[in-house]
Amino acid sequence: MWNLEPLGKVDLELIPIFDKNENMKLRTLGKNGPEVSEIGLGCWQLGADWGDPVSEETGLEILKTAVEQGITLFDTADVYGQGKSEALIGKFLKTVEKPITVISKYGRGNGVFPDNYSEKNMNEAVISSLKRLDIDCLDLLQLHCVPQEILVEGTIFTWLRKLKDEGLIKNFGASVESIEQCIICMEQEDLLSLQVIFNIFRQRLITDLFPKALERGTGIIVRLPLASGLLSGKFDSNTHFASNDHRNYNRNGEAFNVGETFAGIPFDKGLDLVDQLKRGFLPSQLPMAQFALRWILDHDAVSTVIPGASKVVQVLSNAKASDLEPLPEEQHEALNIFYKNQIDQFIRGSY
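This is a predicted model, so every value here is computed, not measured.

Enquirer: Kindly report on the packing of helix α3 (residues 119-133) against helix α5 (residues 155-165), identifying the contributing residues and their values.
Expert: Look at α3 against α5: their axes get within 10 Å of each other, and the N-to-C directions meet at 40°. The orientation of α3 with respect to α5, classified from their angle, is oblique. Between α3 and α5 the crossing geometry is right-handed. For the pair α3 and α5, the contacting residues are Glu-119, Met-122, Asn-123 and Val-126 in the first and Ile-156, Trp-159, Leu-160, Lys-162 and Leu-163 in the second.

This is how it looks when you write it as structure tokens:
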């Protein structure tokens, strides 16, 4: 378990917040949720338990840069580095006067997955998260890809309501794997949001989920917007990933849902598809990652997008997507046709 000892010799007082990006746009998270930046920050990488490790100093600089760029939402989970991500965010929050919306998750750590869920365990997990974050109340607690049968049975939502009544969380939502699970969760009228995999490679949500979410006032938090980096356009056939990187060990779903890695697209096929996107759709001088993020933001149902970052430059690039003009409607139509004809058939995993 992650301890709360000091994270190193970084002098937090020497990390000022300045030069806010005034162009970052805000959206309301769901019907009754907080106003948040439309580009948030996914903090899985800050847990540093997969891939190339992110140092404490780099992690703090990433968080600092995010706030400078107008990002007001950090998405984390108790299982990210066994609490390391939360602890780093908690340390950073002490240096920032600007309010940050902090959202975390429960359901994959501390031996609860797949069938050891209990109200006691959830309460203990939330209290531990609050201690690591050094806050009194979570803005949003999300179920973390819990099994579908748990969602259907429904008792877990009663536990969430009790946490809300006790003032430990302000709202609750669910991070899910499939559209079917989204529909199940939306039967809970007080569910604020859903966290979903959505990107150019996975477009079914546009017709099968988004209209329902808009009707119900359910916020949509988009994870894996760049398909584990494929849609950054930076990978090629010579790209190799560390043995502890899920883009290596889960490439074909060996460890968990393959949809969480490259959005379920086989890596070699993904490289080919990205090449086709670059040649046929990408505007000149526009970075591929910003193009992919702008495409997501053009959908009204989306409340916020949470790309991760292991480098400061990635935060700067991602934040710029909020300042871009929407893509032309005809380009959206062409990308949807491309998806139906060239991509959909290759998607694997829950969807």
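Enquirer: Please give an account of the nonpolar core that cites residues and values.
Expert: The biggest cluster of nonpolar side chains holds 98 residues, and the ones touching the most others in it are Leu-41, Phe-74, Leu-143, Leu-194, Phe-201 and Leu-231. At eight residues, helix α11 (residues 288-297) tops the list of elements feeding residues into this core. In contact with Phe-201, other than residues within four places in its own chain, are Ala-227, Leu-230, Leu-231, Ala-263, Ile-265, Gly-270, Leu-273, Val-274, Leu-277, Tyr-339, Ile-343 and Ile-347. In terms of nonpolar packing, the next biggest core, distinct from the first, is built from eight residues, Leu-73, Leu-140, Leu-192 and Ile-221 among them.

Enquirer: Got a sec to walk through the sheet that holds strand β7 (residues 172-175)? Specific residues and values, please.
Expert: In spatial order, the strands read β3-β4-β5-β6-β7-β8-β9-β10; together these eight strands make up an open sheet with parallel pairing. The open sheet is flanked by β3 (41-42) and β10 (302-305), the only strands paired with a single partner. Pairing between strand β4 (residues 73-75) and strand β5 (residues 101-106): three bridges, direction parallel. Note on β5: the bridge partner recorded for Phe-74 is Val-102. Of the strands in this sheet, β5 and β6 (140-144) touch α3, which is tilted by about 145° from β5.

Enquirer: Give me the packing of aromatic side chains: which residues, what numbers.
Expert: Overall, the coordinates contain 13 aromatic pairs when judged by the stated rule. Measuring from centroid to centroid gives 6.1 Å for Tyr-106 and Tyr-117, while their planes differ by 75°, and the two rings are edge-to-face. Taken together, the residues span a long stretch of sequence, with Tyr-106 in strand β5 and Tyr-117 in the loop between β5 and α3 at a distance of 11 residues. Ring geometry for Tyr-249 versus Phe-256: centroids 6.3 Å apart, planes at 85°, classification edge-to-face. Cluster of aromatic residues (ring-pair linked, three or more members): Phe-235, Phe-241, Phe-262 and Phe-267. Against the face of Phe-113 rests Arg-108, its NZ or CZ located 3.7 Å from the ring centre.

Enquirer: Which residues make up the packing of helix α2 (residues 84-93) against α3, and what values go with them?
Expert: At their nearest, the axes of α2 and α3 sit 7 Å apart, and the two run at 45° to each other. On the basis of the axis angle, α2 is oblique to α3. Residues Glu-86, Ala-87, Ile-89, Gly-90 and Leu-93 of α2 pack against Ser-129, Arg-132 and Leu-133 of α3. Residue composition of the contact of α2 with α3, by class: four nonpolar, two polar and two charged.

Enquirer: For the environment of Ile-39, give the residues involved together with the corresponding values.
Expert: In this structure, Ile-39 sits in the loop between β2 (35-37) and β3. Distance from Ile-39 to Leu-194, taken between C-alpha atoms, is 16 Å for residues 155 residues apart in sequence. If sequence neighbours within four positions are ignored, Ile-39 has contacts with Met-24, Ile-71, Leu-297, Thr-304, Val-305, Pro-307, Asn-318, Ala-319, Ala-321 and Ser-322.

Enquirer: Tell me about the state of the cysteines, and name the residues and values.
Expert: The tally for this structure, following the rule as stated, stands at zero disulfides. Between Cys-137, a cysteine without a disulfide, and Cys-43, which holds the nearest cysteine sulfur, the sulfur-to-sulfur distance is 18 Å.

Enquirer: An account of helix α1 (residues 56-68) is requested, with residue identities and associated values reported.
Expert: End to end, α1 covers 18 Å across 13 residues, agreeing with the expected 18 Å (1.5 Å per residue, within 8%). Of the positions making up α1, those classed as buried are Glu-56, Gly-59, Leu-60, Ile-62, Leu-63, Lys-64, Thr-65, Ala-66, Val-67 and Glu-68.

Enquirer: Which residues make up α11, and what are the values?
Expert: Summarising burial for α11: 10 of the 10 residues are buried, a large majority. For α11, every residue scored as buried is listed here: Met-288, Ala-289, Gln-290, Phe-291, Ala-292, Leu-293, Arg-294, Trp-295, Ile-296 and Leu-297.

Enquirer: Can you tell me about the side chain of Asn-318, naming the residues and giving the values?
Expert: In this structure, Asn-318 sits in helix α12 (residues 312-320). Residue classification places Asn-318 among the buried positions, given a relative accessible area of 6%.

Enquirer: Hey, could you go over unusual backbone geometry for me, with residue numbers and the actual values?
Expert: A cis geometry characterises the amide bond from Phe-113 onward to Pro-114, with omega recorded as 10°. By the element assignment, Pro-114 lies in the loop between β5 and α3. Positive phi values are uncommon outside glycine, yet Ala-227 reaches one of about 50°. Structurally, the position occupied by Ala-227 is in the loop between β9 (219-223) and α9 (246-249). Judged by its relative accessible area of 0%, Ala-227 falls in the buried class.

Enquirer: How would you explain the environment of Ile-100 if you had to name every residue and give the values?
Expert: Turning to its location among the elements, Ile-100 is positioned in the loop between α2 and β5. Ile-100 sits 39 residues away from Asp-139 along the chain, and the two C-alpha atoms are 9.3 Å apart. Dropping the residues within four chain positions of it, Ile-100 is found in contact with Val-67, Ile-71, Thr-72, Phe-74, Leu-93 and Asp-139.

Thresholds applied
Residues numbered from 1 in each chain as written. Predicted model: local features only at pLDDT ≥ 70, side-chain atom pairs only at ≥ 80, totals over all residues. Heavy atoms only, no water. Axes fitted to C-alpha atoms, helices over the stretch in contact; angles between N-to-C directions. Helix = DSSP H or I, 4+ residues; strand = E, 2+ residues; numbered from the N terminus. Parallel < 35°, antiparallel > 145°, perpendicular 65-115°, else oblique. Left-handed = near helix turned anticlockwise from the far one by under 90°. Contact = heavy atoms within 4.5 Å. Core = buried A, V, L, I, M, F, W, Y, C linked by side-chain atoms within 4.5 Å. Buried < 20%, exposed > 50% of the residue type's maximum accessible area, 1.4 Å probe, protein only. Pairing = 2+ DSSP bridges. Phe/Tyr/Trp six-rings, centres within 6.5 Å; stacked < 30°, edge-to-face > 60°. Lys NZ or Arg CZ within 6 Å of the ring centre and 35° of its normal. Nonpolar A, V, L, I, M, F, W, Y, C, P; charged D, E, K, R; others polar. Disulfide = S-S within 2.5 Å. Expected span 1.5 Å × (residues − 1).

The values are spatial; any link to function lies outside them.
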